[in-house]
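Per-entry structural report
Below are the chains, spelled out letter by letter.
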Amino acid sequence: MSKLKLPENVPSENHTLINDQPWHSLPADLILSQQDVEKTQGLTEEDAQKRILVWGENRLISKPSKTTFELWLSQFNQPLVYLLILAGTITLFLNELIDSAVIFGVVMMNAVIGYMQEANAIKAIESLARILNINATVLRNNRKRSLPAAELVPGDIVFLLSGDKVPADLRLITTKELRIDESTLTGESLPVEKNSAPLPGDTPLAERTNIAYSSTLVTYGAAVGVVVATGARSEIGRIQTMLAGANILDTPLTRKIDRFSNQLLWAIIAVAAGTFAFGWWKGESLLNMFMASVALAVGAIPEGLPAAMSITLAIGVSRMAKRHAIIRKLPAVETLGSTTVICSDKTGTLTQNQMTVQSIFCGDKTWTLSGEGYRPVGEFASEGQRINPLDAPLLTECLKAGLLCNDARLLEDNGRWRIEGDPTEAALLVSAQKAGLYYDEIAGSFPRLDALPFESEKQFMATLHGDNGDNSPTVYLKGSIEAILKQCTECLDDNLIVSPLDKEEIHRQVDVLTSRGLRVLALARTTLPADSRYLEHEHISDNLTFIGLQAMSDPVRPEAIDAVAACQSAGICVKMITGDHPGTALAIAAQLNLFPAQNEQQRVISGSELTKTPPEKYAELVEKYNVFARISPEQKLNLIQSLQGRGHIVAMTGDGVNDAPALRQANIGIAMGINGTEVAKEASAMLLTDDNFATIAAAVEEGRGVFDNLIKFIAWTLPTNIGEGLIICVAVFSGALLPITPLQILWINMSTAVFLGLMLAFEPKEPDLMLRSPRPPDQPILTGEILRRIVIAGVLMLIAAFSLFSRELDQGESIEAARTVAVNVFVFCEIFYLFNCRSLTKPFARIGLFSNLWLVSGVTLMIFLQLLITYWGPMQQAFGCTAIGLDEWVLIITSGALLFLLIELEKWVFRGK
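Residues numbered from 1 in each chain as written. Predicted model: local features only at pLDDT ≥ 70, side-chain atom pairs only at ≥ 80, totals over all residues. Heavy atoms only, no water.

**Overview of the overall build of the protein chain**
Scanning the protein chain from N- to C-terminus turns up 31 helices and 28 strands. Entry remark: accessible area of the protein chain is about 39,100 Å², with carbon and sulfur atoms responsible for 56%. (Helix = DSSP H or I, 4+ residues; strand = E, 2+ residues; numbered from the N terminus. Areas by Shrake-Rupley, 256 points an atom, 1.4 Å probe, with all protein chains shown as cover.)

**Things to note about the side chain of D345**
Within the fold, D345 resides in the loop between β9 (341-344) and β10 (356-362). It turns out D345 is buried and unbridged, and the closest side chain with the opposite charge, K636, is 4.9 Å from it. In this structure D345 touches L350, I577, T578, T653 and D655, once residues within four positions along its chain are discounted. (Buried < 20%, exposed > 50% of the residue type's maximum accessible area, 1.4 Å probe, protein only. Lys, Arg positive; Asp, Glu negative; His and termini not counted. Salt bridge = Lys/Arg side-chain N within 4 Å of Asp/Glu carboxyl O. Contact = heavy atoms within 4.5 Å.)

**What about the state of the cysteines?**
All chains considered together, the criterion is met by 0 disulfides. No disulfide involves C343; its sulfur sits 7.9 Å from that of C573, the nearest cysteine. Free cysteine: C488, not disulfide-bonded; nearest cysteine sulfur from C491 at 9.0 Å. Overall, C488 belongs to the buried group, its relative accessible area being 2%. (Disulfide = S-S within 2.5 Å.)

**Focus: the pairing of strand β21 (residues 519-527)**
Consecutive residues of a regular strand have side chains that alternate between opposite faces of the sheet. Direction of pairing for strand β18 (residues 474-479) relative to β21: antiparallel, over a ladder of 6 bridges. From the neighbouring strand, T474 faces β21, where its bridge partner is T527. Where β21 meets strand β22 (residues 544-553), 7 bridges bridge the pair, whose relative direction is antiparallel. In the sheet register, R519 faces β22, and the bridge partner there is M552. (Pairing = 2+ DSSP bridges.)

**Overview of the environment of G384**
Mapped onto the elements, G384 comes out in the loop between β12 (380-382) and β13 (385-387). On the basis of relative accessible area, G384 is assigned to the exposed category, the value being 67%.

**What to know about helix α21 (residues 633-645)**
Over its 13 residues, α21 runs 19 Å from end to end, which matches the ideal 18 Å to within 8%, given 1.5 Å per residue. For α21, every residue scored as buried is listed here: P633, Q635, K636, L639, I640, S642, L643 and Q644. Note on α21: the residue one or two positions beyond its end, G647, has a positive phi of about 90 degrees. (Expected span 1.5 Å × (residues − 1).)

**A short note on the packing of helix α24 (residues 693-734) against helix α25 (residues 742-755)**
Relative to each other, α24 and α25 sit at 175 degrees, their axes nearing to 11 Å. Compared by their axis directions, α24 and α25 come out roughly antiparallel. Counting all contacts with α24, which are made through W716, T720, N721, E724 and I728, the residues of α25 involved are I745, I748, N749, T752 and A753. Across the contact of α24 with α25, the residue classes break down as 5 nonpolar, 4 polar and 1 charged. (Axes fitted to C-alpha atoms, helices over the stretch in contact; angles between N-to-C directions. Parallel < 35°, antiparallel > 145°, perpendicular 65-115°, else oblique. Nonpolar A, V, L, I, M, F, W, Y, C, P; charged D, E, K, R; others polar.)

**Some details on the nonpolar core**
Of all hydrophobic cores here, the largest spans 119 residues; its most connected members are M686, F693, W747 and Y833. With 19 residues, α24 is the single largest residue contributor to this core. In contact with W747, not counting residues within four places along its chain, are T752, V823, M862, L865, Q866, I869, M875 and F879. (Core = buried A, V, L, I, M, F, W, Y, C linked by side-chain atoms within 4.5 Å.)

**Examining the confidence of the model for the protein chain**
Mean pLDDT over the protein chain stands at 83; residues scoring 70 or higher make up 87%. At the level of individual helices and strands, the protein chain shows its lowest average pLDDT in helix α5 (residues 97-131), which scores 65, and its highest in helix α12 (residues 393-404), which scores 96. In the model, residues 1-18 has pLDDT below 50 throughout and makes 40 contacts with residues more than four positions away in sequence or in other chains. Confidence drops under a pLDDT of 50 for residues 240-250, and excluding neighbours within four residues, the segment shows 21 contacts in the predicted structure. (pLDDT = per-residue confidence, 0-100.)

**As for the packing of helix α27 (residues 815-836) against helix α29 (residues 853-871)**
Relative to each other, α27 and α29 sit at 175 degrees, their axes nearing to 11 Å. In terms of orientation, α27 lies roughly antiparallel with respect to α29. Contact residues: T820, V823, N824, V827, F828, I831, L834 and F835 in α27; L855, V859, M862, I863, Q866 and T870 in α29. Residue composition of the contact of α27 with α29, grouped by class: 10 nonpolar, 4 polar and no charged.

**Describing a nonpolar patch on the surface**
A cluster of nonpolar side chains, contributed by I722, L726, V791, V795 and I799, occupies part of the molecular surface with about 350 Å² of accessible area. Those elements that provide at least two residues to the nonpolar patch are α24 and α26 (784-810). Tallying contributions element by element places α26 first for the nonpolar patch, with 3 residues. Here V795 lies in helix α26. A relative accessible area of 31% means that V795 is categorised as partly exposed. (Patch = residues over 30% accessible without salt bridge, like charges linked within 9 Å, V, L, I, M, F, W, Y side chains within 5 Å.)

**As for α12**
Counted at 1.5 Å a residue, the expected span for α12 with its 12 residues is 16 Å, and the 16 Å between its end C-alpha atoms agrees. Those residues of α12 lying buried are L394, L395, T396, E397, C398, L399, K400, A401, G402, L403 and L404.

**Overview of the pairing of strand β15 (residues 416-420)**
Of the strand pairs in this sheet, strand β14 (residues 409-413) and β15 are connected by 5 bridges, and their pairing is antiparallel. Bridging from a neighbouring strand, L411 pairs with R418 of β15. Hairpin connection of β14 to β15: 2 residues between the antiparallel strands, including N414 at a positive phi of 50 degrees.

**Here we look at the pattern of salt bridges**
Applying the stated criterion across every chain, the model contains 37 salt bridges. Across the pair E379 and R386 runs a salt bridge whose closest N-O atoms are separated by 3.1 Å. Taking relative accessible area as the criterion, E379 reaches 40% and is therefore assigned partly exposed. The residue D580 makes a salt bridge to R519 at a minimum N-O spacing of 3.5 Å. Placement of the pair is D580 in the loop between β23 (573-577) and α18 (582-592) and R519 in strand β21, with a sequence separation of 61 residues. Of the residues examined, R519 reaches a relative accessible area of 23% and is grouped as partly exposed. Several salt bridges share partner residues, and in doing so they unite D708, K712, E766, D768, R772 and K842 into one network.

**Some thoughts on unusual backbone geometry**
Positive phi values are uncommon outside glycine, yet N142 reaches one of about 65 degrees. At Q459, a position not held by glycine, the phi torsion is positive, near 65 degrees. Mapped onto the elements of the fold, Q459 is located in the loop between β16 (448-455) and β17 (460-465). Taking the relative accessible area as the measure of exposure, Q459 reaches 25% and is therefore partly exposed.

Rendered as structure tokens:
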């Protein structure tokens, strides 16, 4: 974004007000006044639109990308191209004008193809990056809204929660145990504790604890802040720090191929130099030996390989995006093919994340609720009898607790109900509204004064509420049964009278509910002194009053059952790691068929049991169990490390702040695109836009397909290079004429790579792709089987081309006719071998001729081009070819067919092995 011309009274620096006082040195109230905004109202939409015209969108200035000319020039920055340019220049000085023109023409064609490929890849990656833009929770028109961060303007009131990425530079107004990871800005690895107190004006950036800087990550707590700088005027924009500066097209596989190509290049140059020296020593002319050496060097290099790699990977990324998997780090495409274990969260990934409260237990009674989804219509019943919930004081209190200790919102649009916020919290709103309790009414009578947001370490949320009847403020809590119950010392009876607490009975009820696959939340309350306006953890560390349990269903995704089965068939172990109760995890896992042949009691292990496990038995236990319940984020990291220590390639899903270390540790970290925090997304290699486990299975399948097609291309292209290199060597060492010239080799390599080889990138996935075992991560690209086939095919091409070339000369045909035959032998052998390579193990008959129409079209076009080079005058003159007869075509096609049959025979012979 270009820099705006600002009015004179608008500050041009990111951290300075009109009177040159830094934001961090001023009281929050004064800043709100300067920004002309009320903390409780926020900006109006009209104000925001005016300000965005002045300040522009909240976007960082993009890292300057290559210009069109720079991108074009970069296509010539390759060792092979240097060699071709050198050869073209020398042939020009030797007055070989046609040869020189064609060499430079091939160089230009290669540059055009490379430019188009790279430009399209960059556009595709940029379009995917736009999907990852963050949202911010903003107060506009006295209403909380979720807006794209790009729409923020100075003066906006922004709410921060654990897991958020800070969307702009904020002067903090209120904080609650806020800690922010500022490593992207300051390099400090530990999160910084924040507050809202003013600081001296000369406080260094890293010590400005009342400022939340754009692009930093909230790791704990909550806060409210006012935007003081956006876009290029934010601190991170001012120093031009960009998080996405790496070249996303670079992967371990492509680096291996690049190294392989460069090593092969220098090896071929050495062989070409030796061939040149040998021929010169035998008395051949320097010109002839130079052309032979150039032919050898050009023929042996698979110049189309790097382009094919990038295109195949880009196609894989595009296919995955269509199946709701966004690849953030391209190596994940390769790694997916090697995945042996998938560690998946339960809620929203294996289940639908559409919570519906079905049972409520409080006092000594259990109530059931009817209704599905988020439509707040349903009936309450106890022991089969319908009741009015408002006639049961304790039930009403349990519903009210879930309603007030809640940050979700239930909205109706044209008769359809939708939620904003967490589905679990939304289920509590729905259950309360079914009873006639509405949030606005209840919150009006019991206004929220303060809150402690949910943190995975604490496993609960708490809110402090005033009472318009001037009673003492009440704290309501909701969370896991373990976290809440251990802090409770009493409970309420049916008439809201404090009674003794029977924890064993509550645990029995929890076991009953979780055995049905229900997710159980406990609710409790306590009161604080009348003058209390703030809530701290020490206020609720003990002496809580237990209210009851709300148990909700979260149905298993039907497609997840099939996806789990597909992964298991592919040799991938699926492990469920959840923070939920062991009983709930057990019931859900049974529906998903996650269990191997084990005893019922051994099917689930809890985090507390793992903690007690001796280190020497830990890895064995992790390998043994497939269901882990009540697991903390730290234990997730330990589980991943343990599995990797046993040689597994691990994919792991996560959505919370504290999942980030495990996501980074995993070979493929997978973040949730809908419910995932920005911290989790930043740490991931892949993002699920639908939060669905089936998408992971689909991505594994696509990853395997991508790698499969890459190997097919390598297996197809290298025999031609071997055959061309060998035919030149044989000719030089036997004293024969060159069967193919450098120009003809360039034609063969470039045309077939584009019109034949690249069509393998569109090859459909083989039906048994997900029935194969995972590919060992240390397995080389060229396995023994592939190398054997490459050598066989290369030698067969050499024999066919040299034999028919010699036959033509023996029958008195011209050198041009003999070379035309040799060129067509190579091309048609490649065409027939292309059909062999559509599957490296299965016979061609199982693949079918028309299952890849791109390939059929490429073959058709390649045959047409060969007819042009053989019979059309201008191309005959350019490439030194001439017309040939029907007998030659019969031999050429027979050579290709024999190659095809011999490779199919080789597949059959070695298939069982």
